[in-house]
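Architecture and fold: a report
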Amino acid sequence: MDLVLRSIAIYVFFLVLVRLTGQRTLSELSTFDFVLLLIVSEAVQNALVNDDRSLVSGMIVVLTLVLLDLGLSLLKSRSGKLENVAEGAPVVLVDHGRVLEDRLKNTLVTRDDILQSARESQGLERMEQIKYAVLESSGGISIIPSSRPEMEGLEQRIEEAVRRALGRARPE
């Protein structure tokens with residue numbers, strides 16, 4: 001029973017810790033963050049099993065953590081409020097090219113993070129080209145580009161040109 005209680009305590013601790021330290025995905029971890037994650041995993045392993053390094057103890061810890069995660073997922077699917085608390089809500093970081101500095105500070109995201117995401121996902125180079133940048137609850141940054149003035153009404157102009165072309169092609 002001690003292993004189960006330790007596992008629950010560690011699970012809750014990490015859930016709170018992740019929510020407090022911000023939203024980042026594993027692909028966005030720096031080398032130092034990854035090394036820190038390995039060190040933390042070793043420390044947690046020692047805290048979970050103490051001196052009992054048996055196979056059964058390890059299996060009990062893993063089973064407890066997996067069941068806790070499944071249980072939390074089930075509860076989150078039934079309660080939007082709990083999901084918002086556990087996972088967080090998307091945060092708008094850029095609004096029509098204007099960086100919302102207070103939100104950057106709160107989320108620990110930098111301008112460089114936003115521009116990197118804009119380059120990688122949309123090929124954008126400047127903040128003014130971004131209509132919205134949103135820090136998703138998964139930790140990724142979604143970029144919605146500003147519409148380019150030369151593209152506005154393009155679809156309508158194409159449809160009109162097709163109609164004119166079809167109108168001329170009809171035999172009278």
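Please refer to the structure placed before this passage.
Here is a short report on the structure shown in this document.

What counts, and at which threshold
- Residues numbered from 1 in each chain as written.
- Predicted model: local features only at pLDDT ≥ 70, side-chain atom pairs only at ≥ 80, totals over all residues.
- Heavy atoms only, no water.
- Core = buried A, V, L, I, M, F, W, Y, C linked by side-chain atoms within 4.5 Å.
- Buried < 20%, exposed > 50% of the residue type's maximum accessible area, 1.4 Å probe, protein only.
- Helix = DSSP H or I, 4+ residues; strand = E, 2+ residues; numbered from the N terminus.
- Contact = heavy atoms within 4.5 Å.
- Pairing = 2+ DSSP bridges.
- Salt bridge = Lys/Arg side-chain N within 4 Å of Asp/Glu carboxyl O.

1. A closer look at the nonpolar core
Ile 114, Ile 130 and Ile 143 are the most contacted members of the largest nonpolar core, which has 15 residues in total. For this core, the secondary-structure elements that each account for two or more residues are strand 1 (91–95), helix 6 (111–122), strand 3 (130–135) and strand 4 (141–145). Setting aside its immediate chain neighbours within four residues, Ile 143 contacts Ile 114, Ser 117, Ala 118, Ser 121, Gln 122, Leu 124, Ile 130, Tyr 132 and Ala 133. Among the nonpolar cores identified, the runner-up in size contains six residues, and Leu 3, Leu 48, Val 49 and Val 61 belong to it.

2. Structural notes on the pairing of strand 3
Inspection of the sheet shows strand 1 paired to strand 3 by four bridges, in the antiparallel sense. Paired with Val 94 across the two strands is Ala 133, which belongs to strand 3. Here five bridges tie strand 3 to strand 4, and the two strands are oriented antiparallel to one another. Bridging from a neighbouring strand, Ile 130 pairs with Pro 145 of strand 4. Between the antiparallel neighbours strand 3 and strand 4 lie five residues, among them Gly 139 with a positive phi of about 105°.

3. Brief notes about the pattern of salt bridges
On inspection of all chains with the given rule, the structure shows four salt bridges. The salt bridge involving Asp 2 is made with Arg 6; its shortest N-O contact spans 2.9 Å. Linking Asp 2 with Arg 6, this pair stays in helix 1 (residues 2–21), spanning four residues, or about one helical turn. We classify Asp 2 as partly exposed; its relative accessible area is 46%. Between Arg 111 and Glu 101 there is a salt bridge, and its shortest N-O distance comes to 2.5 Å. In this pair, Arg 111 is assigned in helix 6 and Glu 101 in helix 5 (residues 101–107), connecting sequence segments ten residues apart.

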